[in-house]
Amino acid sequence: MKTRPRSANSLFAPFVLPALLFTLLTIFGISACEPRANDDTSDNTQQPHETVTIKGNLDPAVGSVANAQIIVFRVQTDGTLQDITVGEFQADGKGSFEVLAEVGKSPISNVIIEARTAAPPISGENSDKKPDDKTTEMPTRLASALLINNLKPGGNVTTTPLSFETTLQADLYVQARKLALWSDAQFDQPKLRIVVSPQIATALRDSGDYDGQVAILAQATTAGMQAFSDTLQRSPAFEDRSTHEGRQEIEPGFRNEGIREAFTKENLQNARNEYRTHVEKYDRRLSSENRDATNDRERAELSNAAVQSYLDNDINIHALVSANQAASEATLTYLPQLAPTARAAVMANLEVQRARYITRAIQA
C-alpha cells in the first residue's frame, strides 16, 4: 500500500493548537492583571467625594483670624470627633472662609466647624515631633461652632459666626455626648443658642478650669432640657396618641386658659423644626451682612422665636411657663458647683428666660 507523504502543515498541526492557546491565555492574562483606566483602585478621581460647602466667618474678638486653619468634624455618639474635611482650608485676611466637608451619600448632622491659629509648617529636624512636644509650635483653637443644619451632598450651608459663645455651645454639646446625657429625641441643638449668653461664655473662659466648668454646665443644661420636655408631656393638654392613653378631651379646668385643643408629640416636633428653620435663616442673614456676632436685641429675637414656634403649633403658653419653670429648677441644682461668676451669669440668663415666658402669658 502506497503511503502519501504528509504535508508541512499536517506535521506541525499537533503543536499549533497548544501554542495558539498559550498565546491567547498569555495576552488575556496580562490584560486582566493590568488596571483599567477607570478602575476605582487605580484612579480615585473617578469617584469623587460627596461633599457639602460650608461658609462662614470668625468674630475678630477670638484672636488673630487671618489665615486661620478651618477644620470640620462630625461628632460621634460618644463625643469623639471625626475629621471630615476634604483638603486644607484657611480663612482670608478678614476671617471669612469656605470649606468642603465629606458627607457620603446621605445627609449628616452633628457637625462642628473649628478654626485654629495658623502655625508655621513643621519641617527638618522637627518633622518627627508630636503635637504635645513643647518645643514644637502647634495650632491652637480660636473658636468653633455647632452646625444645626442637616448637611446634604452637594449642599451649601452658612454657619453662625464663630465666637466665644458658639465655642461654648459646641463644647457643651460634645461634653453632653461624652457623658451620655444628650437625647436627640428630646433635646434641640438650636436651644443651646439660648442657654449660652456672652456673660456665661466669658465667666467660664476666665474661670481657670474651663473644661471642668463646661462638664458641670453640660449636666445642668441637659437636666433643664429634660425637665422642659418631661413637663410638657405631663401637661393636662398633652395627648400621647402613640400609647392611646392620651386625654381625648382637655381637662375642664384648662378650658378657660386659652387652650384651643390638645397637643401631641407631632406638635412638639413641628415646633422644634420651625425653630431650627428660623435659626438657619438667622445664620444666613448674619453671614450675608458680614456680621461678626449677635447683639442683645438679636438674642432676644432668637428666644422669642423659640417661644413663638411652640405657640404656632398649638402648645399653649401656660404649659410652656410650667415647663420653663421646671427647666430652671433642674438647672439650678447644679449651680453650686460652678464658679461664683459663672453661677451668677447662669442665674441671670435663667431669669431673663423666665421673664420672657411670663410676659407672653400675660399678653395671651
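Model, not experiment: these values are computed from the prediction. (Residues numbered from 1 in each chain as written. Predicted model: local features only at pLDDT ≥ 70, side-chain atom pairs only at ≥ 80, totals over all residues. Heavy atoms only, no water.)

A. The pattern of salt bridges, seen in detail. Per the counting criterion, the structure on display carries 9 salt bridges. A salt bridge links Arg193 to Asp283, with the nearest nitrogen and oxygen atoms 2.8 Å apart. Here Arg193 is found in helix H3 (residues 192–195), whereas its partner Asp283 is found in helix H6 (residues 265–288), with 90 residues between them in sequence. For the pair Arg193 and Asp283, one class covers both residues: buried. With a shortest N-O distance of 3.7 Å, Glu301 and Arg285 are connected by a salt bridge. On the criterion of sequence distance, the pair formed by Glu301 in helix H7 (residues 296–311) and Arg285 in helix H6 is long-range, its members being 16 residues apart. Glu301 gets classed as partly exposed once you look at its relative accessible area, which sits at 23%. (Salt bridge = Lys/Arg side-chain N within 4 Å of Asp/Glu carboxyl O. Helix = DSSP H or I, 4+ residues; strand = E, 2+ residues; numbered from the N terminus. Buried < 20%, exposed > 50% of the residue type's maximum accessible area, 1.4 Å probe, protein only.)

B. Summary view of the packing of helix H4 (residues 198–205) against helix H5 (residues 210–233). At a minimum axis separation of 8 Å, H4 and H5 run at an interaxial angle of 135°. Classed by the angle they form, the pair H4 and H5 counts as oblique. Facing H4, whose interface residues are Ile200, Leu204 and Arg205, H5 presents Tyr210, Gln213, Val214 and Leu217. Considering only residue class, the contact of H4 with H5 consists of 5 nonpolar, 1 polar and 1 charged. (Axes fitted to C-alpha atoms, helices over the stretch in contact; angles between N-to-C directions. Parallel < 35°, antiparallel > 145°, perpendicular 65-115°, else oblique. Contact = heavy atoms within 4.5 Å. Nonpolar A, V, L, I, M, F, W, Y, C, P; charged D, E, K, R; others polar.)

C. Local environment of the sheet that holds strand E8 (residues 156–158). Across the sheet, which stays open at both edges, the 3 strands sit in the order E5-E1-E8 with mixed pairing between neighbours. Of all the strands in the sheet, just strand E5 (96–102) and E8 have a single pairing partner and so form its edges. Each adjacent strand pair in this sheet contributes to an overall mean axis angle of 25°, direction not counted. Here strand E1 (residues 51–57) runs beside E8; their pairing, made up of 3 bridges, is parallel. Counterpart to Ile54 in the pairing with E8 is Val157. (Pairing = 2+ DSSP bridges.)

D. View of unusual backbone geometry. You will see that Asn67, though not glycine, has its phi angle at about 60°, which is positive. With respect to the helices and strands, Asn67 occurs in the loop between E1 and strand E2 (69–75). Phi angles above zero are rare outside glycine, and Asn110 is one such case at about 60°. By secondary structure assignment, the location of Asn110 is in the loop between E5 and strand E6 (111–116). On the basis of relative accessibility, which here comes to 13%, the residue Asn110 falls in the buried class.

E. Inspection of the nonpolar core at higher detail. Residues Ile54, Leu58, Val72, Ile113, Leu151 and Leu162 are the most contacted members of the largest nonpolar core, which totals 25 residues. Contributing elements (two or more residues each) for this core: E1, E2, E5, E6 and strand E7 (141–147). By residue number, the principal contributor to this core is E7, which donates 4 residues. (Core = buried A, V, L, I, M, F, W, Y, C linked by side-chain atoms within 4.5 Å.)

F. Spotlight on the environment of Lys105. For Lys105, the position within the fold is in the loop between E5 and E6. For the pair Lys105 and Lys152, spaced 47 residues apart in sequence, the C-alpha to C-alpha distance is 8.1 Å. Lys105 has contacts with Glu50 and Pro153, leaving out every residue within four places of it along the chain.

G. Representation of helix H9 (residues 340–363). Between its terminal C-alpha atoms H9 stretches 35 Å, which fits the 34 Å expected from 24 residues at 1.5 Å a residue. Of the positions making up H9, those classed as buried are Ala342, Ala345, Val346, Asn349, Leu350, Gln353, Arg356, Tyr357, Arg360 and Ala361. Looking at the buried residues of H9, the elements they touch are H3, H4, H5, H7 and helix H8 (317–332). (Expected span 1.5 Å × (residues − 1).)

H. Spotlight on the packing of aromatic side chains. For the coordinates displayed, the defined rule picks out 4 aromatic pairs. For the pair Phe228 and Tyr310, a centre-to-centre distance of 5.7 Å together with 50° between the ring planes defines the contact as tilted. Taken together, the residues Phe228 in helix H5 and Tyr310 in helix H7 connect sequence positions 82 residues apart. Residue Phe228 is classed as buried on the basis of its relative accessible area, which comes to 11%. By relative accessible area, which is 4% here, Tyr310 ends up buried. Each ring, one from Phe238 and one from Phe263, has its centre 5.7 Å from the other, and the planes form 55°; the classification is tilted. Of this pair, Phe238 sits in the loop between H5 and H6 while Phe263 sits in the loop between H5 and H6, and the two are 25 residues apart along the sequence. As far as the burial class goes, Phe238 and Phe263 line up, both buried. (Phe/Tyr/Trp six-rings, centres within 6.5 Å; stacked < 30°, edge-to-face > 60°.)

I. Looking closely at H5. Spanning 24 residues, H5 covers 34 Å between terminal C-alpha atoms, matching the ideal 34 Å at 1.5 Å per step. Burial of H5 is extensive: 17 of the 24 residues sit out of reach of the surface.

J. Structural detail: the pairing of E7. Of all 7 residues in E7, 6 are buried; the element is thus mostly enclosed. The sheet contact formed by E6 and E7 spans 6 bridges and is antiparallel. If you follow Ile112 over to E7, its bridge partner there is Leu146.

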